[in-house]
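A look at the structure
Take a look at the letters that make up each chain.
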Amino acid sequence: MRDAEDPAREGEFVQLPQRRPDPPVRYDGDGDHPCAHGLDRTPGARQESCGRRRSCHCRPDSAAASVDSMNAQNITVIGLGQMGAALADAFLAAGHRTTVWNRTPGKADALVARGAVRAASVAEAVAASELVVVCVLDFPAVRGLLAPVAASLRGRALVNLTTGSPEQARAEAQWAAEHGIGYLDGAVMTTPPGIGDSANMILYAGSPELFAAHRATLAVLGDPVDLGPDVGLASLYDAGLLGLMWSVFGGWLHATALAGADGVPARDFTAVATRWLSTVSWFMTGYAEQIDAGEYPGADATIDVQVAAIGHLLHAGEARGVDDRLPRLHLELMRAAVEAGHGGDSYARIIEAFRK
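Remember, predicted model here, so these are calculated numbers, not experimental data. (Residues numbered from 1 in each chain as written. Predicted model: local features only at pLDDT ≥ 70, side-chain atom pairs only at ≥ 80, totals over all residues. Heavy atoms only, no water.)

Across its full length, the protein holds twelve helices and 13 strands. Counting only residues that meet the buried cut, the protein has 44% of its 356 residues in that class. Summing over all exposed atoms, the protein offers an accessible surface of approximately 17600 Å²; the carbon and sulfur share of this is 57%. (Helix = DSSP H or I, 4+ residues; strand = E, 2+ residues; numbered from the N terminus. Buried < 20%, exposed > 50% of the residue type's maximum accessible area, 1.4 Å probe, protein only. Areas by Shrake-Rupley, 256 points an atom, 1.4 Å probe, with all protein chains shown as cover.)

Taken together, the side chains of Met201, Leu236, Tyr237, Leu241, Leu244, Trp246, Val248, Phe249, Trp252, Leu253, Leu277 and Met284 present a nonpolar region at the surface, about 1100 Å² in accessible area. The set of elements that each furnish at least two residues to the nonpolar patch consists of helix H8 (233-260) and helix H9 (266-293). Mapped onto the secondary structure, leucine 236 falls in helix H8. (Patch = residues over 30% accessible without salt bridge, like charges linked within 9 Å, V, L, I, M, F, W, Y side chains within 5 Å. Salt bridge = Lys/Arg side-chain N within 4 Å of Asp/Glu carboxyl O.)

Here strand E11 (residues 182-188) pairs with strand E12 (residues 197-206) via five bridges, running antiparallel. Within the sheet, the bridge partner assigned to valine 188 lies in E12 and is isoleucine 202. With five bridges joining them, E12 and strand E13 (residues 222-226) adopt parallel strand pairing. Opposite tyrosine 204, over in E13, you have aspartate 226 as the bridge partner. For the crossover from E12 across helix H7 (residues 208-218) to E13, the handedness is right-handed. (Pairing = 2+ DSSP bridges. Right-handed = clockwise from strand over helix to strand, strands pointing away.)

A separate point is the side chain of arginine 349. Relative to the assigned elements, arginine 349 resides in the loop between helix H11 (325-339) and helix H12 (351-354). There is a polar contact of 2.8 Å between the side chain of arginine 349 and the side chain of aspartate 345. Beyond its immediate chain neighbours, meaning those up to four positions away, arginine 349 contacts Tyr296, Ile303 and His342. (Polar contact = N/O pair within 3.5 Å; in protein donor to acceptor, adjacent residues only side chain to side chain. Contact = heavy atoms within 4.5 Å.)

Turning our attention to the pattern of salt bridges. Overall, the coordinates contain nine salt bridges when judged by the stated rule. Among the salt bridges present, the one from aspartate 89 reaches arginine 114, with a minimum N-O distance of 3.0 Å. Taken together, the positions of aspartate 89 in helix H1 (residues 82-93) and arginine 114 in the loop between helix H2 (109-113) and strand E8 (117-118) put the pair 25 residues apart, joining distant regions of the chain. As a salt-bridge pair, arginine 355 and glutamate 352 come within 3.1 Å of each other at their nearest N and O atoms. We classify glutamate 352 as partly exposed; its relative accessible area is 33%.

Taking strand neighbours across the sheet as the criterion, the eight strands line up as E8-E7-E6-E9-E10-E11-E12-E13 in an open arrangement whose pairing is mixed. What marks the edges here is a single partner per strand, and that holds for E8 and E13. Each of strand E6 (74-78), strand E9 (131-134), strand E10 (157-160), E11, E12 and E13 is contacted by H7, which is oriented at about 170° to E13, the strand it contacts most. (Axes fitted to C-alpha atoms, helices over the stretch in contact; angles between N-to-C directions.)

What follows is about the confidence of the model for the protein. With 81% of its residues at a pLDDT of at least 70, the protein reaches an overall mean of 86. Below a pLDDT of 50 lies the segment residues 4-65, which in the model reaches 149 contacts outside its immediate sequence neighbourhood of four places, other chains included. (pLDDT = per-residue confidence, 0-100.)

Before going further, it helps to examine the side chain of serine 346. Tracing the sequence through the fold places serine 346 in the loop between H11 and H12. In this structure serine 346 comes out as buried when scored by relative accessible area, which is 0%. A distance of 2.5 Å separates a polar atom in the side chain of serine 346 from a polar atom in the side chain of glutamine 290. When sequence neighbours within four positions are dropped, the list of residues in contact with serine 346 reads Tyr287, Gln290, Tyr296, Pro297, Gly298, Asp300, Ala301 and Ile303.

Between helix H10 (residues 303-320) and H11, the least distance of the axes is 10 Å, while the angle of their chain directions is 155°. Judged on the interaxial angle alone, H11 and H10 are roughly antiparallel. For H10 against H11, the interelement crossing comes out left-handed. Facing Ile303, Asp304, Gln306, Val307, Ile310, Leu313 and Leu314 of H10, the residues of H11 in contact are Pro327, Arg328, His330, Leu331, Met334, Ala337 and Val338. The class makeup of the residues in the contact of H10 with H11 is ten nonpolar, two polar and two charged. (Parallel < 35°, antiparallel > 145°, perpendicular 65-115°, else oblique. Left-handed = near helix turned anticlockwise from the far one by under 90°. Nonpolar A, V, L, I, M, F, W, Y, C, P; charged D, E, K, R; others polar.)

In this structure, Val133, Leu161, Ile195 and Leu221 are the most contacted members of the largest nonpolar core, which totals 31 residues. Residue assignment for this core shows that the elements contributing at least two residues are E6, H1, E9, E10, E11, E12 and H7. One finds Trp101, Ala141, Tyr183 and Val231 within the second-largest nonpolar core, a separate group that totals 25 residues. (Core = buried A, V, L, I, M, F, W, Y, C linked by side-chain atoms within 4.5 Å.)

The subject of this paragraph is the environment of valine 112. The residue valine 112 is located in helix H2 in this model. Through-space distance from the C-alpha of valine 112 to that of aspartate 89 is 9.9 Å; in sequence the pair is 23 residues apart.

Right, let's talk about the packing of helix H4 (residues 139-146) against helix H6 (residues 166-178) for a bit. Where H4 meets H6, the axes come as close as 11 Å, and the angle between the chain directions of the two elements is 15°. Relative to H6, H4 is oriented roughly parallel. Here H4 runs over H6; the crossing is left-handed. Side by side, H4 and H6 meet where Phe139, Pro140, Val142, Arg143 and Leu146 of the first sit next to Gln168, Ala169, Ala171, Glu172 and Trp175 of the second. A per-class count over the contact of H4 with H6 returns seven nonpolar, one polar and two charged.

And the structure:
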């Protein structure tokens, strides 16, 4: 979930001493809340997306940097849409010397007020730092901004957190390699308010050496997950995980509408639904083993049993006037597997319906 605002193999790269930042202070909902009237009781810390939610977290303010001046790194952030601004703010909060650039200069005002340096041009922004993070509209925008300053990027590390396809990421990595630029592709698996929370993942793919050199610095943005040297995997995981998210949202919204038709508040139903998703994740882990093995034993529940169960869902929805397109899609997939002679297999067998 990366920026959609303001367009703004590995080469040599500089390795500087790294230090892992202090983790966020998390609140689990028990006992006194760590924040008082929007301020963390820990000296020098500021609240991020807090209130009195169970998932609140607080981060050290840039005035109480988590890296000392000897270990602070020069970092440039190009692109200051909502996501880019959140990235720059997290680097500032960790005490890194942060240079920012945006096509619309005014978007940097708040960050400059908190200590960032506003670059007058992309060339100036790139020259300021060994680590350059770009988060703009799309890959053509990335190339348009960086191609004119390719020579200045030589020997530096470029982390691209712009949304794109695996093919675009691999092409960008090739371009970077041709110009002696270290390159990591990344996928931000949260929205801007979640930046800086170690509970949220940011996926990275590319040079293992480059990732290792900058892992501690990147950790201030969220939990850095290394997907390995295939630079296209971050974008591939991003696309797949977003598809999973939308499917989960669709199922949850359909189920919430079904329960709501009988007067069940969405909040009450969701409290049970989120617990159920923990069990579903357990099913997924087991099914993943079956998929990798190419065998789908129906020891837990067969597709035949699932077909019978979904009939109850369709009946309940029809009686309450709830749209049935989503469950009917599932039924269609199940029936196709049964008709192909796989009714005794597990639900994991249905992956074959998605493969061409």
